[in-house]
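# Understanding the architecture of this molecule
One-letter residues, chain by chain:
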Amino acid sequence: MGVPLAGALAACGSSGPSSSTASGSAGAAGSGASYWYLTGQPGEGIRKGTVDRFNAANAGTQIAQTAFQNDAYKTKIKTALGAGQAPTIIWGWGGGGLKSYVEASQVEDLTSWFGENAAVKDKLFPGSFGAATVDGKIYAMPCETVQPIVLYYNKSVFEKVGAQPPTSWDDIMALVPKFNDAGIAPFSLGGQSRWTNMMWLEFLFDRIGGPEVFQAAFDGEKDAWSNPDAITALTKMQDLIKANGFIKGFSSITADSNADQALLYTGKAAMMLHGAWTYGSMKNDGGDFVKGGHLGWMNFPPVAGGKGDPSNTVGNPGQYLSISSKATDAEKETAKKFFTTGVLDAPEVKAWIDTGSIPIVKGADSNIGTSEDAEWLKFVYGVSSNAKVFAQSWDQALPPSAAETLLDNIAKLFQLSITPEQFATNLNAVTNS
Amino acid sequence: MTLASVGSARPAPSRSAQSVHGRSLGWLAVPALVFFTTFGILPLIGVLLLSFTTWDGIGEVVPSGLTSWKAVLSDPQLPHAMWVTFQVAVLSWLFQTPMSILLGVFLAGAQKYRAFLAVLYFIPLLLSSAAIAITFKALLDPNFGLGTGLSLPFLSQDWLGEPKLALGVVVFVVSWQFIPFHSLIYQGAVRQIPTSMYEAAQIDGAGRIRQFFSITLPQLKNTIITSSTLMVVGSLTFFDLIYVLTAGGPGDATRVLALQMYITGFQGNLMGPASALGVILVIVGLLLALLFRRIGGGDKTASQLEGA
């Protein structure tokens, strides 16, 4: 009788930590705090480094750290919060997810703390606080890096085929048959992860209809997804899929395994739309692909006749650290001390820049000059600071239940099993509230 | 004949079991009962109660009557998920049962090399579902997998990206994992068949194939029912393997009921509807288990069970 359930529950439990590196000293349990974050180099090493430095400098207040894989973490953290077993410091993406924690009174209001510690706040990009704010109050400390979504391309492949990087959507559609004829997939895509597909729609919506189209849906306006511009964007999306714009088997490729990046740097695919964070991993894994200057990049090109400003971008304006409201006062103090002295300290800022990311610290661009990734870093800094609108990823902005419907329908849209109109109807049903 | 042979095989143990039973060793069942109540019944009641509430997994649990049930029952995903689950159950049964019986019969032989092979065949059972899924996912990768590596065009299909192929792959991998287990059950059952029956058949001039169909298969009737119940009811709970292998994709082509429940609850944060799905899973599982008991039911089975 209990068997089916027990099986399912046991399976959930198996998605445990992929590496457990609790380094808190046993003696300081009283004032120790815990901190969960994501695996994946180079970010994992940098996060660990920051905590290790903090622990070394503060013998009395230790932080125990555990790292989880991205998709597993998203589930794990919610379950832990619900069970009252959340870590002191909660790593997150801000936006809709943070809002659901706030509504459940699970995270501390940091507004007054930031008021008292203006120096901490002033150090960071002002734009990063948007996704940390719910109803005018700040519930998270922005941290780490700004990560716009970027259109990458493989320069060697372009040379081989004799093609020029696209400057418009029409160029993209024209490049598709060219690369397919050469036996190279035009675009790499880790479609099983679903949010990877979503990045395409985020840009198409913006370039065709401007940021207002998604904003209307986000605000819960009636039939916002049926906006003609939205339908145009969805139709163009399916046109690209029907023209075999994406690599064969994209719907079974996951982004967590970085297989989509491998397709780009091995030359099996010519282009890839992906987050700025993939620069670091391609540099790590791709041999001399990045170092040898074979990686090209650009902001998503405009669509002819579209209303969106071509400087706009989407992505993660930062990552976010919240403090669990269930933590003890001593743990909360440790966390705040970590926010003040640990997070984005000078070595961390340098470490992020060394891996090709822009930390959300003002004046970070002054550190770029000597970096071997200077060109890339300047580009990311430029895109992030010049964007008229830096939109947050849809699935992070929306509340989790709507985000799930969105991702589900995006997967079906890319599978061509629903039409743009059906997509709009399905989503109108969940965002009209 | 079956009855007689099984019954006469062990009259003594059954009588002593009877007398031990008479002295009431019912308390022996207590530990199992405690565990089952704690980890089986109580969560089940919890899930039933949760299905009448609205809960996002982290906030307050708010009673909301039939809201969750209405949401689940009106969701077109439910019939879809049930259909996928049904397909997985039926296809994997059709694939596993003949293979398991044949392998089980083969392994029941006393030859040395068969004992060796039995160990080999047993290996998939030792691996965790997640490991199996990751391995097959890598092997079947359309761009970096076995097909491309060995330059075998027929192997480089979009195995997990085409809805029909993906379902086939799921059934295949599930079978690959569980055939060893069911073979083991059949191996044991075949070894229980009295050799005298085969000797008698040989004297009557029955060939191997005739023996298989006239003696082995009928003698395995109860084992087939047991194994089928395990297979079909077990297939309702396939989650880990499918989650890692396809995540229910492409689209929702392999999204079985258990996965639908997980996605609703833990990714959509809708614990109420997810609990309702859980209750549906339990009910379907119970009905199926009852159905299989019925199929194997009747007086004959009852008395055979007693003997065994």
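Residues numbered from 1 in each chain as written. Chains lettered and ligands numbered in written order. Predicted model: local features only at pLDDT ≥ 70, side-chain atom pairs only at ≥ 80, totals over all residues.

This part covers the overall build of chain B. Secondary structure assignment for chain B yields 16 helices and two strands. When the 308 residues of chain B are sorted by exposure, 34% land in the buried category. Across chain B, the fraction of contacts at a sequence separation of at least 24, relative to all contacts at a separation of at least 6, is 68%. (Helix = DSSP H or I, 4+ residues; strand = E, 2+ residues; numbered from the N terminus. Buried ≥ 20, exposed ≤ 12 C-beta atoms within 10 Å, placed from the backbone. Contact = placed C-beta atoms within 7 Å.)

On the chain B side, the residues contacting the 39 residues of chain A number 43 residues. The set of elements that each furnish at least two residues to the side of chain A that touches chain B consists of α1 (3-13), α3 (70-82), α4 (95-103), α12 (259-265) and α18 (400-414) of chain A. With eight residues, α1 of chain A is the single largest residue contributor to the side of chain A that touches chain B. By residue class, the composition of the side of chain A that touches chain B is 18 nonpolar, 15 polar and six charged. (Nonpolar A, V, L, I, M, F, W, Y, C, P; charged D, E, K, R; others polar.)

Another point: the nonpolar core. The nonpolar side chains of soluble globular proteins are, as a tendency, buried together. Core analysis: the largest hydrophobic core is formed by 135 residues, its most contacted members being Ile-89, Tyr-139, Ala-269, Tyr-320 and Leu-321 of chain A. The element best represented in this core is helix α9 (residues 195-209) of chain A, accounting for nine residues. Two domains each donate at least three residues to this core, and these are domain 1 (9-144 + 318-343) and domain 2 (147-314 + 393-431) of chain A. Not counting residues within four places of it along the chain, the set of residues in contact with Ile-89 of chain A comprises Ala-33, Tyr-35, Leu-321, Ile-323, Ala-335 and Phe-338 of chain A. Residues Leu-140, Phe-178, Val-233 and Leu-245 of chain B belong to the second largest nonpolar core, which totals 52 residues. (Core = buried A, V, L, I, M, F, W, Y, C linked by C-beta atoms within 7 Å. Domains from an automatic or database assignment.)

Scored by pLDDT, chain A comes out at a mean of 84, with 93% of its residues at no less than 70. Contacts of residues 1-30 of chain A to residues separated by more than four positions or lying in other chains number 70 contacts, the stretch itself having pLDDT below 50. (pLDDT = per-residue confidence, 0-100.)

Interfaces are often described in size by the accessible area the parts lose on coming together. All names here are of chain A. Entries for chain A in the domain assignment read domain 1 (9-144 + 318-343) and domain 2 (147-314 + 393-431). The C-alpha centroid of domain 2 is placed 30 Å from the C-alpha centroid of domain 1. Between domain 1 and domain 2, the contact holds twelve residues from the first and ten residues from the second. When contributions to the side of domain 1 that touches domain 2 are tallied by element, the ones reaching two or more residues are α3 and α4. Sorting elements by how many residues they give to the side of domain 1 that touches domain 2 places α4 first, with five residues. Classifying every residue of the side of domain 1 that touches domain 2 by side-chain character gives two nonpolar, eight polar and two charged.

In this section: unusual backbone geometry. In this structure, Asn-258 of chain A is a non-glycine residue whose phi angle is positive, near 60 degrees. Inspection of the secondary structure assignment puts Asn-258 of chain A in the loop between α11 (228-242) and α12. Within the chain, Ala-247 of chain B stands out as a residue other than glycine whose phi angle is a positive 55 degrees. Assignment of secondary structure puts Ala-247 of chain B in the loop between α13 (240-245) and α14 (257-267).

Turning to the packing of α14 of chain B against helix α15 (residues 271-295) of chain B, a few remarks are in order. Describing two packed helices takes the angle between their axes plus the distance from one axis to the other. Residues and elements named next belong to chain B. Contact geometry of α14 with α15 gives a least axis separation of 8 Å together with a crossing angle of 165 degrees. On the basis of their axis angle, the class for α14 and α15 is roughly antiparallel. Judged by the twist between their axes, the crossing of α14 over α15 is left-handed. Contact residues: Leu-257, Ala-258, Gln-260, Met-261, Thr-264 and Gly-265 in α14; Met-271, Pro-273, Ala-274, Leu-277, Gly-278 and Leu-281 in α15. Taken together, the residues of the contact of α14 with α15 sort by class into eight nonpolar, four polar and no charged. (Axes fitted to C-alpha atoms, helices over the stretch in contact; angles between N-to-C directions. Parallel < 35°, antiparallel > 145°, perpendicular 65-115°, else oblique. Left-handed = near helix turned anticlockwise from the far one by under 90°.)

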